[in-house]
Amino acid sequence: MGEVAKRAYKYRFYPSPEQAELLNRTFGCVRLVYNRALEARTRAWAVDRRRTTYVQSSSWLTEWKRTQELAFLNEVSSVPLQQTLRHLQAGFVAFWDKRTRYPRFKSKRKSRASAEYTRSAFRWRDGRLTLAKMDTPLNIVWSRPLPDGVEPSTVTVSRDAAGRWFVSILIEDPAVKTLPPVTAEVGVDAGITTLLTLSHPIPGVSDEHGKVANPRYGQTDRRKLAKAQRNLARKQKGSNNRAKARLTVARIHARIADRRRDHLHKLTTRLVRENQTVVIEDLSVRDMLRNRRLARVISDAAWGQFRSMLEYKATWYGREVIPIDRWYPSSKTCSACGRINTNLALNDRTWTCPGCAVEHDRDINAARNILAAGLAER
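## Considerations on unusual backbone geometry
And step 1. Phi is positive for Ala-302, which is not a glycine, with a value near 55 degrees.
And step 2. Among the structural elements, Ala-302 can be located in the loop between helix H8 (295-301) and helix H9 (303-317).
And step 3. Non-glycine residue Ala-357 carries a positive phi angle of around 65 degrees.
And step 4. You can see Ala-357 is positioned in the loop between strand S13 (350-352) and strand S14 (359-361).
And step 5. A residue is classified by how much of its surface remains accessible, and Ala-357, at 59% relative accessible area, is exposed.

Here it is as structure tokens:
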């Protein structure tokens, strides 16, 4: 049985000089409007203890466009400017619901350069996409076709730090079909030495013990990255050579991120296809990154990205992902008799249960306990 699901198809494109100039101006205007609105809303609360809404911030945008100082905002499409105000409103709602931190200002150098266009701000005709204020369609590299008969509802254009341009096309995809139910269930223990340990082996995914090797893409390119960063540090600030060196560093980071993302996509797809239920730990990756000794390897493992992919694919295909309490002692609990070994140290990779004398691999035992705990909560 299938259902309509919202999916985003991301493609690389190559803008003409005129298109690149317009998009760069749009990115700057989007960032400026977001920061001005955030500043105004923050001031309204600090001075008058007054909450403001999207409607009020939209009226501010109209007033800003009428001033001589910000008249250049009229040179770009108004839709991305309105959309960034909606995103700011969503950020405040998440903050009020205590789901995230207070919205932060966008930085020209560190924040993602992007602009979102809704249906009224682009033209889709015969598979060619033309954005507002543009005379020619984007030169998109169609690495995979869109499903037949679909119409884009939202288009997001972005430029990464490596200078690559991407367009993300959001559609309602009727081709997503719920997978046939299966009986298999798996517990997943995240790690560093091994990326994941499964409660039972899956051919083609893990080894015969249920362990998924950690490719450590960041570690693989670490020497190349360090050399490029040393070269960047020697360049004079503001020079063309520094800009070129910065681009080299960004391209290495992009290569690492692309390879990691590709690996996680393949891994999560296999787990979702072959298991009806996947049980994971509810890890607080942000807090774990405060450990200065492990921050680099934890970031390289990308546990948060793994969980995000796993959850939305499970929703698409009719599977279930169950997170268990992060404080559950999965490593210290014997999966055979349930006794907790309070003397287990972090460097003990194998241990023998003092109660039933069963010898355990630390990670495999944890994965089995995670599965059992998740199924008990269901």
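After presenting the structure, the write-up continues.
## Re the nonpolar core
And step 1. One finds Leu-23, Leu-129, Leu-131, Val-157 and Val-167 to be the most contacted residues of the largest nonpolar core, which totals 45 residues.
And step 2. The element that contributes the greatest number of residues to this core is helix H1 (residues 17-48), accounting for 11 residues.
And step 3. Residue contacts for Val-157: discarding those within four places in its chain leaves Phe-13, Leu-23, Phe-27, Ala-113, Ser-114, Ala-115, Tyr-117, Leu-131, Trp-165, Phe-166 and Val-167.
And step 4. The next biggest cluster of nonpolar side chains, apart from the first, holds 28 residues, and it includes Ile-202, Val-205, Leu-264 and Ala-302.

## As for the packing of aromatic side chains
And step 1. This structure, assessed with the given rule, holds nine aromatic pairs.
And step 2. Considering the side-chain rings of Trp-316 and Tyr-317, the 6.1 Å spacing of their centres and the 90 degrees angle between planes classify their relative orientation as edge-to-face.
And step 3. The ring of Trp-316 has Arg-7 sitting right over it, with the charged end atom 4.3 Å from the ring centre.
And step 4. One Lys or Arg, Arg-273, reaches over the ring of Tyr-317 and ends 5.6 Å from the middle of that ring.

## Structural notes on the packing of helix H2 (residues 54-66) against helix H3 (residues 78-96)
Each packed pair of helices is defined by two parameters, the angle between the axes and the distance between the axes.
And step 1. Relative to each other, H2 and H3 sit at 145 degrees, their axes nearing to 10 Å. Judged by the sense of rotation from one axis to the other, the crossing of H2 with H3 is right-handed. Of H3, the residues touching H2 (which contributes Tyr-54, Ser-57, Ser-58, Leu-61 and Lys-65) are Ser-78, Leu-81, Gln-82, Leu-85, Arg-86 and Gln-89.

## Details of the environment of Arg-255
And step 1. Summarising the element assignment, Arg-255 is placed in helix H6 (residues 240-274).
And step 2. Classification of Arg-255 as partly exposed rests on a relative accessible area of 40%.
And step 3. Separated by 19 residues in sequence, Arg-255 and Gln-236 place their C-alpha atoms 26 Å apart.

## A word on the pairing of strand S3 (residues 122-125)
And step 1. Burial along S3 is one-sided: the face carrying Phe-122 and Trp-124 is buried and the face carrying Arg-123 and Arg-125 is not.
And step 2. Relative to strand S4 (residues 128-131), S3 is paired through four bridges, and the arrangement is antiparallel. Following the sheet pairing, Arg-125 is matched in S4 by Arg-128.
And step 3. As consecutive antiparallel partners, S3 and S4 are separated by two residues, and within that stretch Asp-126 has a phi angle of approximately 55 degrees, a positive value.

## Regarding the sheet that holds strand S11 (residues 277-281)
And step 1. Strand order in the open sheet formed by five strands is S10-S9-S8-S11-S12, with mixed pairing between adjacent strands. Edge positions in the sheet fall to strand S10 (211-213) and strand S12 (320-324), since each of these pairs with one other strand and no more. Between one strand axis and the next, the sheet turns by 25 degrees as a mean value, whatever way the strands run.
And step 2. Against the sheet, helix H10 (residues 362-377) makes contact with strand S8 (185-190), strand S9 (194-198), S10, S11 and S12, and its axis sits at roughly 125 degrees relative to S8, the strand it touches most.

## With respect to the packing of H6 against H9
And step 1. Two elements in contact, H6 and H9, have axes separated by 9 Å at closest approach and are oriented at 40 degrees. When the interaxial angle is binned, H6 and H9 end up oblique. Seen from above, H6 lies across H9 with right-handed handedness. Each of Arg-260, Arg-261, Leu-264, His-265, Leu-267, Thr-268, Thr-269, Leu-271 and Val-272 in H6 lies in contact with H9, whose residues at this interface are Gln-305, Phe-306, Met-309, Leu-310, Tyr-312, Lys-313, Ala-314 and Tyr-317.
And step 2. By residue class, the composition of the contact of H6 with H9 is 10 nonpolar, four polar and three charged.

Reading the values: rules and limits
- Along every chain, residues carry numbers that run from 1 in the direction the sequence is written.
- Only residues with pLDDT of 70 or above have their local features reported here, since the model is predicted, and side-chain atom pairs are shown and tallied only from 80 upward, although totals for entire chains, interfaces and linings are computed over all residues.
- Only hydrogens and water are removed before side-chain values are computed, so all heavy atoms of the structure are retained for them.
- Strands here are runs of E lasting at least two residues and helices are runs of H or I lasting at least four, both read from the DSSP assignment and numbered beginning at the N terminus.
- Relative accessibility thresholds used throughout: buried, under 20% of the residue-type maximum; exposed, over 50%; partly exposed, between the two (1.4 Å probe, protein chains only).
- Think of a nonpolar core as a cluster: buried Ala, Val, Leu, Ile, Met, Phe, Trp, Tyr and Cys residues, connected wherever their side-chain atoms sit within 4.5 Å.
- Contacts between residues were defined by any pair of non-hydrogen atoms, one from each residue, lying within 4.5 Å.
- Planes of paired rings set the category: under 30 degrees apart is stacked, over 60 is edge-to-face and the rest tilted, where pairs are Phe, Tyr or Trp rings (Trp by its six-membered ring) whose centres lie within 6.5 Å.
- Counted as over-ring charges are cases with an Arg CZ or a Lys NZ within 6 Å of the ring centre that also lie within 35 degrees of the ring normal.
- Working convention: axes come from line fits to C-alpha atoms, limited for helices to the stretch in contact. Angles between N-to-C directions cover 0 to 180 degrees.
- Crossing handedness: left-handed means the near helix sits turned counterclockwise from the far one by under a right angle, and right-handed means the same turn made clockwise.
- Pairing between strands is defined by DSSP: at least two bridges between the two strands are required.
- Here is the rule for angles: anything less than 35 degrees is roughly parallel, anything more than 145 is roughly antiparallel, 65 through 115 is roughly perpendicular, and the remaining ranges are oblique.
- Amino acids outside the nonpolar list (Ala, Val, Leu, Ile, Met, Phe, Trp, Tyr, Cys, Pro) and the charged list (Asp, Glu, Lys, Arg) are all regarded as polar, and Gly is one of them.

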